[in-house]
Amino acid sequence: MSTFAMHVAKTGLNSQQVKMQVIANNLANVNTTGFKSDRANFESLLYQILRGAGENTSENTSLTSGLSVGTGTRLLNTNKLFTQGSLMDTGNSLDMSVEGDGFFQILMPDGRIGYTRSGAFSRNSAGVVTTASGYPLQPEIQLPAEATSITVSSDGIVSVQVPGGVDAQELGQITLADFSNKQGLQPNGESMLIETPASGAPIVANPFQAG
């Protein structure tokens, strides 16, 4: 086998190795709440055009097809598969899920807003609703320590019942963000996605509004 053929074969091996890493990461996160699997996309490398299509083979005839030799393949990018996951009752009143499009907005330690489909929330010592890592949900919701029950409506209104109160007390509104190109979001670990120029600016609205 020529050195050139070995090079072409090597590009395929390198690409398949990265694809296996993508698949392994999907399998490793099968129990990660809100995780969206990745799909690897390939493209061919440049072709060597040895004879062009239509090139003369005699005075009155020409090639019906050219002679071109490929130089291999490469992994072009990965796509997040934003399919709806299964919903389940966890028994935790702060566990939420997004049915349809949209992301929860999370304030990250570096000041950026992260976007996630993971709705496994809890509250910190100050009563603020946070992720398991302690990052606050945006807009911020602070629960009173004396709250006896917490309710989140399907349109994102957070209400609590306090001792001595007859009616539930509304504390805030959970909004969702969406993007014109979700595939352009950058994975950042901790089930977070980050806005990029390719994703476009977030479209923020209440649930059941603006799509």
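Before reading further, recall that the structure is shown in the block above.
Everything numeric here is computed off the predicted structure, so don't read it as measured data.

Reading the values: rules and limits
- Residues numbered from 1 in each chain as written.
- Predicted model: local features only at pLDDT ≥ 70, side-chain atom pairs only at ≥ 80, totals over all residues.
- Heavy atoms only, no water.
- Helix = DSSP H or I, 4+ residues; strand = E, 2+ residues; numbered from the N terminus.
- Rg over C-alpha atoms; globule rule 2.2 N^0.38 Å.
- Buried < 20%, exposed > 50% of the residue type's maximum accessible area, 1.4 Å probe, protein only.
- Lys, Arg positive; Asp, Glu negative; His and termini not counted.
- Charge placed at Lys NZ, Arg CZ, Asp CG, Glu CD.
- Pairing = 2+ DSSP bridges.
- Axes fitted to C-alpha atoms, helices over the stretch in contact; angles between N-to-C directions.
- Salt bridge = Lys/Arg side-chain N within 4 Å of Asp/Glu carboxyl O.
- Contact = heavy atoms within 4.5 Å.
- Core = buried A, V, L, I, M, F, W, Y, C linked by side-chain atoms within 4.5 Å.
- Phe/Tyr/Trp six-rings, centres within 6.5 Å; stacked < 30°, edge-to-face > 60°.

Once that is clear, we can look at the overall build of the protein. In terms of helices and strands, the protein carries one helix and 16 strands. Expected size for 211 residues packed as a compact globule is a radius of gyration near 17 Å; at 26 Å, the protein overshoots this value by more than 25%. For the protein, the spread of C-alpha atoms along the principal axes amounts to about 100 × 35 × 30 Å. By residue count, 29% of the 211 residues in the protein fall in the buried class. The distance from the centre of the 11 positive side-chain charges to the centre of the 17 negative ones in the protein is 14 Å.

This part is about the sheet that holds strand 10 (residues 149–152). Taking strand neighbours across the sheet as the criterion, the three strands line up as 10-11-12 in an open arrangement whose pairing is antiparallel. On the outer flanks of this sheet lie strand 10 and strand 12 (169–173), each paired with one strand and no other. Each neighbouring strand pair of the sheet contributes to a mean axis angle of 25°, computed without reference to strand direction. Bridge count for strand 10 against strand 11 (residues 157–161) is four bridges, and the pairing is antiparallel.

Scanning all chains against the criterion turns up six salt bridges. The partner of lysine 182 in a salt bridge is aspartate 101, with the nearest N and O atoms 4.0 Å apart. Remark: aspartate 101 occurs in the loop between strand 4 (73–80) and strand 5 (104–107) and lysine 182 occurs in the loop between strand 13 (176–178) and strand 14 (186–189); sequence separation between them is 81 residues. On the basis of relative accessibility, which here comes to 45%, the residue aspartate 101 falls in the partly exposed class.

Let us look at unusual backbone geometry. The omega torsion across glutamine 138 and proline 139 is -10°, close enough to zero to call that bond cis. One can find proline 139 in the loop between strand 9 (137–138) and strand 10. One non-glycine residue, glutamate 190, adopts positive backbone phi at about 55°. Here glutamate 190 is to be found in the loop between strand 14 and strand 15 (192–194). Although it is not a glycine, serine 191 adopts a positive phi angle of roughly 60°. Considering the arrangement of structural elements, one finds serine 191 in the loop between strand 14 and strand 15.

All right, on to the environment of leucine 50 then. Looking at where leucine 50 falls in the secondary structure, it is placed in strand 2 (residues 47–51). Judged by relative accessible area, leucine 50 falls into the exposed class, the value being 51%. Among residues more than four places away in sequence, those in contact with leucine 50 are Leu67 and Val69.

Ranked by internal contacts, the top residues of the largest apolar core, which has 19 residues, are Phe104, Ile106, Phe121, Val129, Leu137 and Leu143. Sorting the residues of this core by element identifies strand 5 and strand 11 as the ones contributing at least two each. Excluding residues that lie within four positions of it along the chain, isoleucine 106 makes contacts with Arg112, Ile113, Gly114, Thr116, Phe121, Thr131, Tyr135, Pro136, Leu137, Gln138 and Met192. Counting six residues, the second largest nonpolar core, distinct from the first, contains Phe103, Tyr115, Phe179 and Leu193.

A few words now on the side chain of serine 159. Along the chain, the position of serine 159 falls in strand 11. Beyond its immediate stretch of four places on either side in the chain, serine 159 contacts Ser149, Ile150, Thr151, Ala168, Gln169 and Glu170.

Evaluated as defined, the whole model comprises four aromatic pairs. Seen in terms of ring centroids, phenylalanine 104 and phenylalanine 121 are 5.1 Å apart; in terms of plane orientation they differ by 90°. Their pairing is edge-to-face. On the criterion of sequence distance, the pair formed by phenylalanine 104 in strand 5 and phenylalanine 121 in the loop between strand 6 (113–116) and strand 7 (122–123) is long-range, its members being 17 residues apart. Comparing phenylalanine 104 with phenylalanine 121, the two get one shared label, buried.

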